[in-house]
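# Chain and residue survey
Given next are the chains, with one letter for each unit.
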Amino acid sequence: MNALLQVSGLRVAVGGKEILTGLDLTVRAGEVHAIMGPNGSGKSTLAHVLSGRDGYVVTGGSVSYLGRDLLAMAPEERARAGLFLGFQYPIEIPGVSNVYLLRSALNARRSARGESEIDAASFLRLVKDKARLMQMDETFLQRGVNEGFSGGEKKRNEIFQMAVLEPILAILDETDSGLDIDALKVVSNGVNSLRDPARAFVLVTHYQRLLDYIRPDFVHVLAGGRIIRTGDRTLALELEAGGYEQIVAAASP
Amino acid sequence: MSQPIAQQIAGGLEWLDERRASALARFGKSGLPDTKNEDWRYTSLAGYTQRWTDYRTASGQPSVSAGGDSPTRGADSWVAADMFTVDAVDGAFCAPLVGTPPGLTIRSLQHLTPEWRGRVEGLLGPPEGPADGSSPSSLVDLNTALLGDVLLIATDPGSCVAMPVHVRLQCTAAPALRQPRLLVDMAPGSQLTLSLEHTGAAGALVNAVTQIRLGRDSQLNLIRVQALPDDGMLTETTHIEVGEAASVTVTSVDLGSQLSRQSLTVLLAGTGASAIVHGLFLADGHRHIDNCTRLEHRAPLTTSRETFRGIADDHGHGIFNGKIIVQPGAAGSTAALTNRNLLLTTTAEIDTKPELEIYVDDVRCSHGATTGQLDANALFYLRSRGLDPAAARQVLTAAFLRESLSGVAVPELRARLETLLQARLQAGPPATMGTGT
């Protein structure tokens, strides 16, 4: 099966300092990948570069998404091509309602696929369904994007957006951080309900806890800007028991 | 300048003659404000006087009725079913005498019976100028000297006027300088929502004056919208006196004109009086938009809260000069003033000057101003959801301004303002917006 995402020897510098030092990653449709690693290992840098955020200089390697050069695509082109980034720190945008953002985002995606804009009734039905899935009160829809939301509500809103946009590849950056156990269950449930043979997930996380609820097909350990070990979910359990140091030390030349 | 003006004043309103003559005499001495005046530092009226070559004023008879052949943006002909609309063309009011909402009286000079004349004279102020010895505004004098009509809107005591009143001030093309004059008298315990919209033909020149008095316990929600064509020029003086336990909410929106200068004064004159002022302006293209506000606390336990938001883009120039004065008699008062601006290009300019003058100890006052760019994180967030950079900028710009509409309680009016704002932002010059990709 062809890869949705193919990262080859990716090297990325921030402010002159190399953060990713030759990262390889292959994600195929239907798969869930977890990328774990200690603080400063480059996890968030990977998520940001894949989403097209400014301030990162690619110094080597390539990223192919659906056969296209992802790094040459603007952030909005990536989104329209079905890439979704769940933010570690979702942004508050007062004055722009959630429902307005969702409709604009959905129509941008549809337009890129040559489809017409969604009609009001179908859109409303869709967002109400997904809000129910995420156990979000419908009043949230009319509020400003993340405005005055708690940390947990913001993360829930990210997954809600993802559920409405139905991406091909979702990269969730530390979606579990700052969540209490109930919110973690709701968020995980949202992700699990979207698992699909045509869709893939990359979960960037510091803790194993999330993986109790979302079972990954692959677990990668990122350290020093590259993936030093890949395994199945038992690797996450091993990390939980032994910590990162042990694995990082074992992988060192 | 005074001689030609005197010759061209419309006749037929003898009881106003003394007032007009003294205003004219004062104006003859003072002339138009110039940039040596600190309050006018950034705004020169030189361009205004160049175009203003005909001193004639409207005769009191509208030449055309408002409606179908509206000369400017399509939005101008807006009439809401749930609002009572009053039209004024070139300062002459077509005040209808039928269908006026209960609790409300609307009179133009044409329909002014003697019983209402006293009310008009009281609101216009003493013919010799302000009684408190403060320097009269030469623009008010100019308006008085040339006025051809006056619109009086008065509420009955205790009346809660359910239907909002919408006054459309339309002006035809230069060279005449139009002098609309609006008087609002809020009787004790009454409530009213009043919307005031400036529109006009290309080249419109307007010097508007609005005087408002709020009696005890009355409430006024005033929405003022300036949507003149791109080459229009407006000077506007608004004076609001708020009585005991009365409250006024002002929403001021500047979207059009080449030059717009608003001088807004709110006097909190009675114990417990309060004022909320929200403002927004969009100084794009080559627009010059100057808002100069004075909120003066004269009585104990008065409250004011002012938030002004502005955007300057392209070669636009926005000015906000907001002063809060707390007089010795205003113990126990609270005042807060904030001004937030967005500067979207390096060729645009914003000048902001929030000021506090406090002459009494027992008060709580705060003020602050910021000028910045659109939030890069918010822009990226929207782009990561598929919005292109121009759309993302527009959404954030609209959102920034929209916050200033929170005082507009009438949903229909609010929606109308949102639409107007959206249309203006979409019509903005895209060439200067950049793609950012």
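So, a few notes on the structure that sits alongside this text.

### Some thoughts on the packing of helix α6 (residues 151-165) of chain A against helix α7 (residues 181-194) of chain A
Residues and elements named next belong to chain A. Where α6 contacts α7, the two axes come as close as 10 Å, and the packing angle between them is 15°. Here α6 is positioned roughly parallel relative to α7, judged by the angle of their axes. Note that α6 runs across α7; the crossing there is left-handed. Contacts between α6 and α7 pair K155, R156, I159, M162 and A163 from the former with A183, V186, V187, G190, V191 and L194 from the latter. The class makeup of the residues in the contact of α6 with α7 is eight nonpolar, one polar and two charged.

### A word on the nonpolar core
If you look at the biggest cluster of nonpolar residues, it comprises 67 residues, and the most contacted ones within it are A:L5, A:L10, A:L23, A:I93 and A:L169. If you tally residues by element for this core, the top one is helix α7 (residues 389-402) of chain B, at seven residues. With residues up to four places along the chain from it excluded, the contact list for A:L5 reads A:L25, A:T26, A:V27, A:L50, A:V63, A:S64, A:Y65, A:L70 and A:L169. B:L194, B:V266, B:A275 and B:A348 belong to the second largest nonpolar core, which has 49 residues in total.

### Examining the interface of chain B and chain A
Each partner contributes to the interface: chain B provides 19 residues, whereas chain A provides 28 residues. Taking both partners together, chain B and chain A bury about 1,900 Å²; carbon and sulfur atoms supply 64% of that area. When the area that chain B buries against chain A is broken down by residue, the three leading residues are B:F380, B:Y381 and B:R385, summing to 41%. Here chain B is connected to chain A by three salt bridges.

### Concerning the sheet that holds strand β14 (residues 274-283) of chain B
Residue and element names in this part refer to chain B. Spatially, the ten strands line up as an open sheet ordered β2-β1-β5-β8-β10-β12-β14-β16-β18-β20, and their pairing is mixed. This sheet does not close on itself; its edge strands, each paired only once, are β2 (92-94) and β20 (364-372). Neighbour to neighbour, the strand axes of the sheet diverge by 10° on average, direction disregarded. Pairing between strand β16 (residues 303-312) and strand β18 (residues 334-343): ten bridges, direction parallel.

### A look at the side chain of B:T238
All names here are of chain B. Residue placement: T238 occurs in strand β11 (residues 233-242). Assessed through its relative accessible area of 4%, T238 is described here as buried. If we skip the residues at most four places from it in the chain, T238 touches T210, Q262, S263, L264 and T265.

### Points about the environment of B:M163
Residues and elements named next belong to chain B. Structurally, the position occupied by M163 is in the loop between β4 (151-155) and β5 (165-171). Here the alpha-carbon distance between M163 and F84, two residues 79 residues apart in the chain, equals 6.6 Å. Beyond its immediate chain neighbours, meaning those up to four positions away, M163 contacts D82, M83, F84 and P101.

### A short note on the pattern of salt bridges
Inspection of every chain in the model, using the stated rule, returns 36 salt bridges over all chains. A:K128 serves as the salt-bridge partner of A:E138, at 3.7 Å between the closest nitrogen and oxygen. Here A:E138, found in the loop between α4 (120-133) and α5 (139-142), pairs with A:K128, found in helix α4; they are ten residues apart in sequence, far enough to count as distant. Note on A:E138: relative accessible area 39%, which makes it partly exposed. The class of A:K128 is partly exposed, set by a relative accessible area of 30%. In this structure, the salt-bridge partner of B:D284 is B:R287, at a minimum N-O distance of 2.9 Å.

Criteria and thresholds
- Residues numbered from 1 in each chain as written.
- Chains lettered and ligands numbered in written order.
- Predicted model: local features only at pLDDT ≥ 70, side-chain atom pairs only at ≥ 80, totals over all residues.
- Heavy atoms only, no water.
- Axes fitted to C-alpha atoms, helices over the stretch in contact; angles between N-to-C directions.
- Helix = DSSP H or I, 4+ residues; strand = E, 2+ residues; numbered from the N terminus.
- Parallel < 35°, antiparallel > 145°, perpendicular 65-115°, else oblique.
- Left-handed = near helix turned anticlockwise from the far one by under 90°.
- Contact = heavy atoms within 4.5 Å.
- Nonpolar A, V, L, I, M, F, W, Y, C, P; charged D, E, K, R; others polar.
- Core = buried A, V, L, I, M, F, W, Y, C linked by side-chain atoms within 4.5 Å.
- Buried < 20%, exposed > 50% of the residue type's maximum accessible area, 1.4 Å probe, protein only.
- Buried area = accessible area lost by both parts, 1.4 Å probe.
- Salt bridge = Lys/Arg side-chain N within 4 Å of Asp/Glu carboxyl O.
- Pairing = 2+ DSSP bridges.

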